[in-house]
Amino acid sequence: MTTNRLCVITGANSGIGKITAQELARKGFDIVMLCRNLDKARPVQQAIQAANPTVTIDLIQCDVASMASVRAAAAQVQDRYDHIDVLVNNAGLYITNEQYSPDGYELTFATNHLGAFLLTNLLLDLLRKGQDARVVTVSSEAHRLAGTFRLDELARPTSYGAMKAYGKSKLCNILFAKELADRLMDDGITSNSLHPGTVSTNFAADSGAVFGAILSLARPFLKTPEQGAATSIFLAASPQVEHVTGLYFDDSKPKTPTKDAQNNFYAKRLWELSTELVGL
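Reading the values: the criteria
The residue numbers shown here count from 1 along each chain, following its written sequence. In view of the model being predicted, local features appear only for residues whose pLDDT reaches at least 70, and side-chain atom pairs are presented and counted only at 80 or more, with totals across whole chains, interfaces and linings using the full set of residues. With hydrogens and water set aside, each side-chain value is computed from the structure's full complement of heavy atoms. Two strands pair if DSSP finds at least two bridges between them. Segments assigned H or I by DSSP are reported as helices when at least four residues long, segments assigned E as strands when at least two residues long, and all are numbered from the N terminus. Any two residues whose heavy atoms approach within 4.5 Å are treated as being in contact. Helix axes are fitted to C-alpha atoms over the stretch in contact, other axes to C-alpha atoms as well, and angles between N-to-C directions run from 0 to 180 degrees. One speaks of a salt bridge when a side-chain nitrogen belonging to Lys or Arg is within 4 Å of a carboxyl oxygen belonging to Asp or Glu. Buried, partly exposed and exposed residues are distinguished by accessible area as a fraction of the type maximum, computed with a 1.4 Å probe on protein chains only: under 20%, between the cut-offs, and over 50%, respectively. A clockwise course of the path from the first strand over the helix to the second, judged with the strands pointing away from the viewer, identifies a crossover as right-handed.

A. Structural detail: the sheet that holds strand E2 (residues 30-35). The eight strands lie next to each other as E3-E2-E1-E4-E5-E6-E7-E8, forming an open sheet whose pairing is mixed. With one partner strand each, in any of the chains shown, strand E3 (57-61) and strand E8 (253-254) form the two edges of the open sheet. In the sheet, strand E4 (residues 86-89) pairs with strand E5 (residues 134-138) via four bridges, with the strands oriented parallel. The residue bridging Val88 from the neighbouring strand is Val136, located in E5. Contacts from helix H3 (residues 67-80) reach E2 and E3, with the element oriented near 150° to E3. Those strands touched by helix H4 (residues 107-128) are strand E1 (6-10), E2, E4 and E5, and its axis lies near 180° from that of E4.

B. Region of the structure containing the pattern of salt bridges. Tallied over the entire structure, the rule returns 15 salt bridges. For Lys255, the salt bridge is made with Glu141, and the minimal N-O distance between the two is 3.2 Å. With a gap of 114 residues between them, Lys255 in the loop between E8 and helix H8 (264-278) and Glu141 in the loop between E5 and helix H5 (162-183) connect regions that are remote in the sequence. When its relative accessible area of 18% is taken as the criterion, Glu141 is described as buried. For Lys255, the salt bridge is made with Asp250, and the minimal N-O distance between the two is 3.2 Å. For Asp250, a relative accessible area of 14% puts it in the buried group. Overlapping salt bridges bring together Arg5, Asp85, Asp132 and Arg134 as one network.

C. Expanded view of the pairing of strand E6 (residues 190-195). Counted residue by residue, E6 has six buried out of six residues, so it is predominantly covered. Of the two faces of E6, the one lined by Thr190, Asn192 and Leu194 and the one lined by Ser191, Ser193 and His195 are each fully buried. The pairing of E5 with E6 spans five bridges and is classified as parallel. Pairing of Thr137 across the sheet is with Ser193, part of E6. Assessed by its sense of winding, the connection that carries the chain from E5 through H5 to E6 is right-handed. Two elements, E6 and strand E7 (residues 248-250), share three bridges in a ladder whose sense is parallel.

This is the structure:
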């Protein structure tokens, strides 16, 4: 049985998820990569493994937009491991056109929030057995563009706007991380969220011509994936944040999110709604 710390990361085969996996492996973590596309993820798994022979790099199929897939992935993690030290909810999606998940929920919300919510809850018992256990949820400054926050419109909006949907899902990430921190206070598990910076990755590859053009113009000013992953790595591994919980970080420093993101009532109601939607 390995004595390395164990980190589970969603969306670990590209962008900042990949860098996070690489860097934590370099720091001596065993890594479990949860990825939707195994064909794309395997070469990344093999490369990280080859560069870090003293750690184990595991790969499990998981589409966080599908609650059945999240449940299957969590069951595999539970079969293979007796504890988790760090969970990084990294997988994220930005889409231009309205789409729905296999469960019938707006796809951005399902991918960016519900999948992370269900996965975290299913893995809590393993996290309770971890050492200095941490949950790190990748949010975004885009939460400031969420507009009016209506809980009843998250899963099935009456009208769709790509940036609004993305902003709302990222607001959900902060509310979830905050409520989780409160709920886990007595378990010694910390929960924080973060803004990775506006990163130059293929993240919004399917986002359409206009957004694509804006991204191309902005690219020279964007963070590299390495810079973008820095805060995730800091929250996952730094002793400086060992007992820090319930905060939102930017550039590895706490930052104040919007009023809505600090709203305890929203946080509790979102938790209740999410529990219903994922069937917990």
